[in-house]
Amino acid sequence: MATLNEEIGKLIARRLLADEAVTLPEVGALYTKRLPAQRISSTQLIPPHRVIAFSDGPMGHSLVEEIMREARCTEEQAADAYARWRSKSSDEGRLRIEGVGTLCLKSLSLD
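K.L.:
Looking at this structure, how should I read the packing of helix 1 (residues 4-17) against helix 2 (residues 63-71)?
P.N.:
A pair of packed helices can be characterised by two numbers: the angle between their axes and the separation between those axes. In the contact formed by helix 1 and helix 2, the axes pass within 11 Å of each other and the chain directions differ by 105 degrees. Judged by the angle between their axes, helix 1 and helix 2 are roughly perpendicular. Here Ile 8, Leu 11, Ile 12, Arg 14 and Arg 15 of helix 1 lie close against helix 2, whose contacting residues are Leu 63, Glu 66, Ile 67 and Glu 70.

Structure representation (C-alpha cells):
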C-alpha cells in the first residue's frame, strides 16, 4: 500500500501532467509553463518543452480540494492529511514532493 507521501506526490504529478496548476496552501502553487523552441547555435535547436514553475500566489485548485475529491473525504479530513503530509515532507525549508521533486526557496529541483 502506498504511503501518504507517495499518494499526494502522485496526485500533484497527475495535475501537472494534465497542465493544471495546483495550490499548496501556505506554500504557493506549482504549474506547468510551455517554453518555445530556442536556437542555441547555428546548428543546434532546443525543441519546445514544458517546465514546472512556482508561484507565490494561488493558481488552479487547492491541494486540499484535490485530496477531498480523490479520497472522498470531508474538508477537515483533507486538511488534516495535507498538514500531516507537509509535516512529514518538510525539512529545513525544503518541501519534498515524492515522485516530482524538492521545492526549496521558490525553486523546484526535479526527481
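K.L.:
Sorry if this is basic, but what is going on with the environment of Arg 94 here?
P.N.:
The residue Arg 94 is located in strand 8 (residues 94-97) in this model. Residue Arg 94 is classed as partly exposed on the basis of its relative accessible area of 47%. Counting along the chain gives 12 residues from Arg 94 to Lys 106, while the straight-line C-alpha distance between them is 9.5 Å. When neighbours within four sequence positions are excluded, Arg 94 is seen to be in contact with Ser 89, Thr 102, Leu 103 and Cys 104.

K.L.:
In this structure, what is going on with the packing of aromatic side chains? I would like to understand it.
P.N.:
All chains considered together, the criterion is met by one aromatic pair. Arranged with centres 5.8 Å apart and planes meeting at 40 degrees, the rings of Tyr 82 and Trp 85 form a pair that is tilted. One end of the pair is Tyr 82 and the other is Trp 85, both in helix 3 (residues 75-89) and three residues apart, which spans about a single turn. On the accessibility criterion, Tyr 82 (6% relative accessible area) is buried. Among the residues examined, Trp 85 registers a relative accessible area of 0% and is labelled buried.

K.L.:
Explain the layout of surface pockets to me, please; I cannot follow it from the model alone.
P.N.:
Using a probe with the size of a water molecule, rolled over the atoms, empty space left in the structure can be pinpointed. Estimates place the volume of the largest pocket at around 240 Å³. Lining the largest pocket are 13 residues, with Leu 4, Glu 7, Ile 8, Ile 67 and Ala 71 sitting closest to its centre. Counting only elements with at least two residues in the lining of the largest pocket, the list comes to helix 1, helix 2 and helix 3. Its residues assigned to classes, the lining of the largest pocket comprises eight nonpolar, one polar and four charged.

K.L.:
Looking at this structure, I do not really get the sheet that holds strand 10 (residues 107-110). What am I missing?
P.N.:
Remark on secondary structure: sheet strands pair via backbone hydrogen bonds, oriented parallel or antiparallel. The four strands lie next to each other as 7-8-9-10, forming an open sheet whose pairing is antiparallel. Looking at strand neighbours, the two that pair on one side only are strand 7 (90-91) and strand 10, the edges of this open sheet. Pairing geometry for strand 8 and strand 9 (residues 101-104), over four bridges, is antiparallel. What sits directly across from Leu 95, in strand 9, is Leu 103.

K.L.:
Sorry if this is basic, but what is going on with helix 3 here?
P.N.:
For an α-helix, 3.6 residues make a turn, and residues three or four places apart therefore share a direction. Between the first and last C-alpha of helix 3 there are 21 Å, a value that for 15 residues agrees with the 21 Å anticipated at 1.5 Å per step. Every buried residue belonging to helix 3 is among Ala 78, Ala 81, Tyr 82, Trp 85 and Ser 89, and all of these are buried. Each buried residue of helix 3 lies within a common arc of 100 degrees when the element is viewed along its axis, so the set occupies one face. Seen from the open side of helix 3, the exposed residues pointing more than 90 degrees away from its buried face are Glu 76 and Ser 87.

K.L.:
How do you make sense of unusual backbone geometry when you look at a structure like this?
P.N.:
Excluding glycine, most residues fall at negative phi; most peptide bonds, likewise, are trans. Phi is positive for Asp 19, which is not a glycine, with a value near 60 degrees. If you trace the backbone, Asp 19 turns up in the loop between helix 1 and strand 1 (22-24). Under the relative-accessibility criterion, Asp 19 is labelled partly exposed at 35%. In this model, Arg 72 sits at a positive phi of 50 degrees, which is unusual for a non-glycine residue. Residue Arg 72 is classed as exposed on the basis of its relative accessible area, which comes to 76%.

What counts and how
Residues numbered from 1 in each chain as written. Predicted model: local features only at pLDDT ≥ 70, side-chain atom pairs only at ≥ 80, totals over all residues. Heavy atoms only, no water. Axes fitted to C-alpha atoms, helices over the stretch in contact; angles between N-to-C directions. Helix = DSSP H or I, 4+ residues; strand = E, 2+ residues; numbered from the N terminus. Parallel < 35°, antiparallel > 145°, perpendicular 65-115°, else oblique. Contact = heavy atoms within 4.5 Å. Buried < 20%, exposed > 50% of the residue type's maximum accessible area, 1.4 Å probe, protein only. Phe/Tyr/Trp six-rings, centres within 6.5 Å; stacked < 30°, edge-to-face > 60°. 1 Å grid on protein atoms, 1.4 Å probe; cavity = no way out; pocket = protein on both sides within 12 Å on 5 of 7 lines; lining within 4 Å. Points joined across faces, edges and corners; volume = space filled by probe spheres on them. Nonpolar A, V, L, I, M, F, W, Y, C, P; charged D, E, K, R; others polar. Pairing = 2+ DSSP bridges. Expected span 1.5 Å × (residues − 1). Arc of directions from axis to C-beta.

Everything listed here is a matter of geometry and, on its own, says nothing about what the molecule does.
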